[in-house]
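Analysis of the macromolecular model
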Number of protein chains: 2
Amino acid sequence: MSIWHLKFLDTLSKKMVFGFILIIALGTLLLSLPVATRGGQGTPLIDILFTAASATCITGLTVVNTAAHWSVFGQLVILGMAEVGALGYMTFAVLLFNLIRRHRHMGLSTQLMVKESLNLENLSDTKSVMKYVVQLSAIFQLGGVALLAVDFIPRFGWRRGLYVSVYHSVMSFCNAGFDVFGNSLMAFRDDTYVILVTIVLIVGGGLGFLVWRDVLLYHERHRLSLNSKLTLVTTGTLFVVGFLALLVTEGNLACIPGNPTWINRVVNTLFLSVTPRTAGIVTLPTSSLHAGSIFLLMILMFVGGTPGSTAGGIKTTTFGVLMLQSIAQIRGKDDVEFSHRRFSQANISRALLLVFLASIVITVATLILTQTEKIPQGYGLEYIVFEVLSAFGTVGLSLGLTPHLSVIGKLIIILLMFIGRVGIFTSLYSLSKRQTKVSRIRYPEENVLIG
Amino acid sequence: MSIWHLKFLDTLSKKMVFGFILIIALGTLLLSLPVATRGGQGTPLIDILFTAASATCITGLTVVNTAAHWSVFGQLVILGMAEVGALGYMTFAVLLFNLIRRHRHMGLSTQLMVKESLNLENLSDTKSVMKYVVQLSAIFQLGGVALLAVDFIPRFGWRRGLYVSVYHSVMSFCNAGFDVFGNSLMAFRDDTYVILVTIVLIVGGGLGFLVWRDVLLYHERHRLSLNSKLTLVTTGTLFVVGFLALLVTEGNLACIPGNPTWINRVVNTLFLSVTPRTAGIVTLPTSSLHAGSIFLLMILMFVGGTPGSTAGGIKTTTFGVLMLQSIAQIRGKDDVEFSHRRFSQANISRALLLVFLASIVITVATLILTQTEKIPQGYGLEYIVFEVLSAFGTVGLSLGLTPHLSVIGKLIIILLMFIGRVGIFTSLYSLSKRQTKVSRIRYPEENVLIG
Ligand SMILES: [K+]
Ligand SMILES: [K+]
């Protein structure tokens with residue numbers, strides 16, 4: 001995994017971590033102003049910090065109700081943080097790969113490979129990358145506003161209708177999960193149109209900039225990169241499998257009260273399979289779901305979306321590579337192949353290590369929260385594990401723990417959202433003291449028994 | 001991971017899988033006899049199969065109470081299956097590595113490395129290996145009988161005292177978890193002596209034959225293999241960390257009724273940290289424990305014991321290698337080192353793949369069980385996950401689901417115990433159609449984004 005050990009990664013990782021901390025600090029400051037809350041009643045500092053971290057890390061877990069607690073100013077600060085967090089992160093992802101290809105210690109063939117495989121030829125500086133990211137986001141978000149306004153303006157009038165259209169469009173595309181309805185999308189459970197538009201925005205944001213660029217350039221090149229192909233296939237598979245599994249576990253959402261139409265139940269199930277990756281918007285109370293569905297949501301939250309998108313989790317590519325590796329192993333093949341390409345051993349090792357490190361973070365956090373939080377009657381351990389996975393995957397779904405978190409619990413969840421957003425590897429790189437020289441002694445190799 | 005792809009692995013894996021199936025079939029036949037049950041009332045076939053699989057795979061999950069349901073003949077059949085399962089598996093582990101070193105396609109240096117690193121020079125044929133395994137087991141088990149008899153004979157009289165001493169000694173050393181007391185070790189909660197003897201037997205069996213041989217030959221060689229060192233350090237660390245964490249989560253077992261002494265509480269906590277790896281004997285009802293403790297037990301069950309021992313799980317070496325790999329990554333090092341040796345990339349990849357495959361098996365099984373089983377009031381998802389981890393790790397602990405399992409549930413748990421016992425890799429090898437020729441086309445390498 002030599003390309004990951006280059007020095008510039010340090011600098012970029014530290015810049016990114018620092019950038020996110022700066023936005024959270026600024027947001028905390030703005031949300032502390034009396035004008036940020038309704039009636040100017042103020043908010044405890046830990047809750048302000050939590051909200052700022054949740055918005056910047058585009059998670060959407062809330063300790064106070066966004067619609068009831070924050071003023072329009074406060075709500076717009078939250079919107080701003082989510083937008084900056086989302087676009088900033090997507091820009092970072094592109095810059096990272098641009099840096100890799102421009103790095104002077106890297107051989108020409110590797111440079112060409114990265115350039116070729118990610119279609120980044122015309123994006124050589126920060127400015128042009130940001131421009132492209134902003135353009136793509138603007139198209140999606142403005143389109144979303146227009147489509148949502150058709151429903152929301154007749155419903156809420158011009159002023160409020162436009163406001164909620166903008167808010168919901170941005171929060172959906174950014175996979176940020178905050179809402180100004182007071183109860184997420186639950187009031188729109190029977191509004192099939194709004195749910196479908198939301199799904200398109202969530203998936204659009206969750207596919208990520210690099211894949212979109214690849215898809216948009218397809219008419220020129222007539223090929224997709226391995227990264228895009230794997231992303232699209234994994235996303236599609238998870239979409240179909242998750243949807244079908246949730247249809248089974250929920251019995252096509254028999255739990256919905258009233259008598260919704262068959263098609264409305266299906267669309268709500270579809271939404272349920274999309275929201276854990278990693279939108280965090282709900283049309284149903286998550287805690288009302290079947291144990292099997294909650295388990296499925298936990299898996300989907302852990303996997304998350306695409307690298308370089310607004311989504312969190314271990315990412316679809318990681319999951320895809322590991323599934324292909326497992327299949328290759330089962331079929332007795334040494335090479336892990338996909339679409340007439342094979343994955344490098346370093347690539348596979350990195351994916352496996354990521355999953356292992358993520359598991360450690362989730363385990364330790366869960367263990368601490370079992371000591372600091374109280375599980376209410378009728379819930380088990382999943383009450384806490386779900387919250388941890390939601391924070392780490394920057395999803396924003398909850399079985400109800402968030403508003404009841406202790407101060408230590410809030411700090412743990414803030415840390416999880418942060419690590420989940422900047423990524424485990426980036427977090428590690430920003431912490432590590434790089435050894436620029438190779439250690440002089442290299443020990444002899446020896447194997448231990450595995451399995 | 002070329003050494004794992006050699007043809008003889010196929011043969012040995014198929015032999016092992018076949019061997020276990022044969023023992024289960026024979027046990028099922030014997031337990032079907034009227035004389036196997038008390039009063040000859042007979043047992044449903046699925047429950048007989050479950051018991052035979054649980055005994056052969058030395059798990060200890062029971063759908064019927066061993067003491068109340070089975071006659072002495074039935075109990076002895078179960079004891080026999082556990083002993084054959086445990087010794088058979090340990091013998092297999094040694095044969096596997098003997099085969100590796102004798103394999104003619106393997107270079108001399110690799111042969112010497114395996115020979116050297118596992119101290120197997122004098123164990124060249126099945127007979128001598130089995131002799132060594134039986135000798136070691138006999139010393140431990142007879143020692144256990146003697147130590148337990150001191151307590152049990154005065155308590156139960158000669159006849160019954162000797163019977164329960166033998167039964168408990170064998171089941172503890174084999175990490176098999178069956179008991180003829182009717183309620184595991186719960187009646188002996190305040191008998192510090194019996195608990196300590198049981199801990200020694202469990203740890204002795206769980207360390208495994210290869211480590212013991214290495215330790216016993218230390219006076220001649222004055223060095224331990226990397227495998228033994230890593231096993232001992234990981235086992236020790238998990239022991240200490242698990243014990244301390246359980247002291248915290250349980251508040252030194254404040255839940256024990258009556259007024260046990262401080263030392264008795266500590267010994268019971270110690271036992272609690274030992275039993276999930278992978279003995280399955282309890283001194284307390286598992287369901288009475290704190291949520292944090294249950295989570296800790298689940299982690300310890302997942303890790304399990306040492307390769308080639310009576311224990312299940314992903315194994316201490318796997319866990320140790322992955323922890324060292326994570327630490328190396330955090331410290332920015334390319335080599336994963338331990339005790340002046342470094343691990344090969346193939347070794348690390350194999351460990352990571354094992355954990356990933358284990359996670360898939362556990363996830364799929366949990367998902368199916370959420371559909372077929374009913375979670376009682378007051379429990380959450382952990383009611384099912386705990387059972388799955390217990391079966392896959394061949395531990396034998398339960399939050400109470402086992403006797404209530406549906407027929408499909410029982411079949412799933414049987415399959416999990418089987419895969420857990422023979423190992424995921426062995427299961428895969430026995431299923432796979434090996435490609436003896438290398439595929440002609442090797443695709444070009446390309447990377448995808450991870451994390
Ligand atoms: K989110
Ligand atoms: K066991």
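Residues numbered from 1 in each chain as written. Chains lettered and ligands numbered in written order. Predicted model: local features only at pLDDT ≥ 70, side-chain atom pairs only at ≥ 80, totals over all residues. Heavy atoms only, no water.

In terms of regular secondary structure, chain A is built from 18 helices and 2 strands. Put simply, 73% of the contacts in chain A that link residues at least 6 apart link residues at least 24 apart. On chain A, roughly 17400 Å² of surface is accessible, and the fraction owed to carbon and sulfur atoms is 67%. (Helix = DSSP H or I, 4+ residues; strand = E, 2+ residues; numbered from the N terminus. Contact = heavy atoms within 4.5 Å. Areas by Shrake-Rupley, 256 points an atom, 1.4 Å probe, with all protein chains shown as cover.)

Residues and elements named next belong to chain A. The protein atoms that coordinate the potassium ion (ligand 1) are I58 (O), T59 (O), N175 (O), T278 (O), T394 (O) and V395 (O), at distances spanning 2.4 to 2.9 Å. Relative to the metal, the 6 donor atoms surrounding the potassium ion (ligand 1) lie at angles of 65 to 147 degrees, and the coordination shape comes out irregular. Read in sequence order, the donor residues for the potassium ion (ligand 1) give the motif I-T-x115-N-x102-T-x115-T-V. Of this pair, N175 sits in the loop between α7 (158-173) and α8 (192-207) while V395 sits in the loop between α16 (382-392) and α17 (407-422), and the two are 220 residues apart along the sequence. Judged by relative accessible area, V395 falls into the buried class, the value being 0%. (Donors = N, O, S within 2.8 Å, 3.2 Å for Na, K, Ca; no water. Tetrahedral: all angles 85-135°; square planar, octahedral: opposite > 155°, others 65-115°. Buried < 20%, exposed > 50% of the residue type's maximum accessible area, 1.4 Å probe, protein only.)

Let's shift gears to the coordination of the potassium ion (ligand 2). All names here are of chain B. The coordination sphere of the potassium ion (ligand 2), as far as protein atoms go, consists of I58 (O), T59 (O), N175 (O), T278 (O), T394 (O) and V395 (O), spread over 2.4 to 2.9 Å. For the potassium ion (ligand 2), the 6 donor atoms are set out with angles of 66 to 147 degrees between them, so the coordination reads as irregular. In primary sequence terms, the donor set of the potassium ion (ligand 2) follows I-T-x115-N-x102-T-x115-T-V. Of this pair, I58 sits in the loop between α2 (45-56) and α3 (66-69) while N175 sits in the loop between α7 (158-173) and α8 (192-207), placing them 117 residues apart in sequence. Across the pair, exposure class does not vary: I58 and N175 are buried alike.

As a further point, take the packing of helix α15 (residues 345-372) of chain B against helix α17 (residues 407-422) of chain B. All names here are of chain B. Contact geometry for α15 and α17: axes closest at 10 Å, N-to-C directions at 165 degrees. Considering the angle they form, α15 stands roughly antiparallel to α17. Both α15 and α17 take part in a crossing whose hand is left-handed. Residues V361, A365, I368, L369 and T372 of α15 touch α17, and the partners they reach there are I408, G409, I412, I413 and L416. (Axes fitted to C-alpha atoms, helices over the stretch in contact; angles between N-to-C directions. Parallel < 35°, antiparallel > 145°, perpendicular 65-115°, else oblique. Left-handed = near helix turned anticlockwise from the far one by under 90°.)

The subject of this paragraph is helix α2 (residues 45-56) of chain A. All names here are of chain A. For α2, built from 12 residues, the straight-helix expectation of 16 Å at 1.5 Å per residue is met to within 8% by its first-to-last C-alpha distance of 16 Å. Judged by how many residues are buried, α2 sits mostly within the fold: 10 of 12 residues are covered. One or two residues past the end of α2 sits I58, with phi positive at roughly 35 degrees. (Expected span 1.5 Å × (residues − 1).)

Take the side chain of S228 of chain A next. All names here are of chain A. For S228, the location among the structural elements is in helix α11 (residues 226-250). The exposure class assigned to S228 is buried, which follows from its relative accessible area of 1%. For S228, the side chain forms a polar contact with the side chain of D214, separated by 2.5 Å. Excluding its chain neighbours within four sequence positions, the residues that come into contact with S228 are L210, V211 and D214. (Polar contact = N/O pair within 3.5 Å; in protein donor to acceptor, adjacent residues only side chain to side chain.)

Attention shifts here to the pattern of salt bridges. Under the definition given, this model contains 6 salt bridges over all chains. Note that D191 of chain A and R155 of chain A form a salt bridge whose closest N and O atoms lie 2.6 Å from each other. Here the residue D191 of chain A occupies a position in the loop between α7 and α8, and R155 of chain A occupies one in helix α6 (residues 126-156), the gap between them amounting to 36 residues. Here D151 of chain B makes a salt bridge to R155 of chain B, at a shortest N to O gap of 3.2 Å. Of this pair, D151 of chain B and R155 of chain B both sit in helix α6 (residues 126-156), 4 residues apart, which is roughly one turn of the helix. Overall, D151 of chain B belongs to the buried group, its relative accessible area being 16%. With a relative accessible area of 43%, R155 of chain B lands in the partly exposed category. Each of the salt bridges in this network shares a partner with another, and the network as a whole consists of D151, R155 and D191 of chain A. (Salt bridge = Lys/Arg side-chain N within 4 Å of Asp/Glu carboxyl O.)

Attention now goes to the packing of aromatic side chains. Residues and elements named next belong to chain A. Following the criterion strictly, the structure yields 22 aromatic pairs over all chains and no others. Aromatic pair F20 and F418: ring centres 6.4 Å apart, planes at 90 degrees, arrangement edge-to-face. One end of the pair, F20, is in helix α1 (residues 7-32); the other, F418, is in helix α17, and 398 residues separate them in sequence. Assigned by exposure class, F20 and F418 land together as buried. A connected cluster of aromatic rings, assembled from ring pairs, spans F152, F156, F181 and F188. Lying across the ring of F156, R160 places its NZ or CZ 5.5 Å from the centre. (Phe/Tyr/Trp six-rings, centres within 6.5 Å; stacked < 30°, edge-to-face > 60°. Lys NZ or Arg CZ within 6 Å of the ring centre and 35° of its normal.)

Turning to unusual backbone geometry, a few remarks are in order. Residues and elements named next belong to chain A. Positive phi, normally seen in glycine, also occurs at K315, with a value near 90 degrees. With respect to the helices, strands and loops of the structure, K315 is situated in the loop between α13 (291-303) and α14 (316-330). For K315, a relative accessible area of 3% translates into the label buried. At T394, a position not held by glycine, the phi torsion is positive, near 45 degrees. Position of T394 relative to the elements: it lies in the loop between α16 and α17.

All names here are of chain A. Together, L26, L29, L30, L33, V35 and F73 make up a nonpolar patch on the protein surface, roughly 530 Å² of accessible area in all. In terms of residue count, α1 provides more of the nonpolar patch than any other element does, 3 residues in total. Mapping L30 onto the fold places it in helix α1. Exposure remark for L30: the relative accessible area of 31% places this residue in the partly exposed category. (Patch = residues over 30% accessible without salt bridge, like charges linked within 9 Å, V, L, I, M, F, W, Y side chains within 5 Å.)

Residue and element names in this part refer to chain A. Taken over all residues, the pLDDT of chain A has a mean of 82, while the share at 70 or more is 83%. Considering each helix and strand of chain A separately, the mean pLDDT is smallest for helix α5 (residues 108-118), with a value of 50, and largest for α2, with 95. Under a pLDDT of 50 for its full length, residues 1-5 has, in the predicted model, 16 contacts with residues more than four places off or in other chains. Counting contacts from residues 434-439, a segment whose pLDDT is below 50, to residues more than four positions away or on other chains yields 8 contacts. (pLDDT = per-residue confidence, 0-100.)

This part is about the packing of α7 of chain B against α8 of chain B. All names here are of chain B. With their axes 7 Å apart at the nearest point, α7 and α8 run at an angle of 40 degrees to one another. Considered as vectors, α7 and α8 are oriented oblique to each other. In contact with H168, S169, S172 and F173 of α7, α8 contributes T198, L201, I202, G204 and G205. For the contact of α7 with α8, the per-class residue count stands at 3 nonpolar, 6 polar and no charged. (Nonpolar A, V, L, I, M, F, W, Y, C, P; charged D, E, K, R; others polar.)

To continue, consider the environment of Y193 of chain A. All names here are of chain A. The topology assignment puts Y193 in helix α8. Here the alpha-carbon distance between Y193 and V150, two residues 43 residues apart in the chain, equals 9.9 Å. In contact with Y193, other than residues within four places in its own chain, are L147, V150 and D151. Among the polar contacts listed, one links the side chain of Y193 to the backbone oxygen of L147, at a separation of 2.7 Å.

Now for the environment of T269 of chain B. With respect to the helices and strands, T269 of chain B occurs in helix α12 (residues 262-274). With 26 residues separating them in the primary sequence, T269 of chain B and F243 of chain B have C-alpha atoms 6.6 Å apart.

All right, on to the side chain of T66 of chain B then. All names here are of chain B. Here T66 is to be found in helix α3. Given a relative accessible area of 4%, T66 falls into the buried group. Residues within four places of T66 in sequence aside, it is in contact with Q75, I78, Y167, F178 and D179.

Residues and elements named next belong to chain B. With respect to the element layout, L49 can be found in helix α2. Among the residues examined, L49 registers a relative accessible area of 29% and is labelled partly exposed. For the pair L49 and S32, spaced 17 residues apart in the sequence, the C-alpha separation amounts to 9.3 Å. Contact partners of L49, with chain neighbours within four places excluded, come to I24, T28 and I414.

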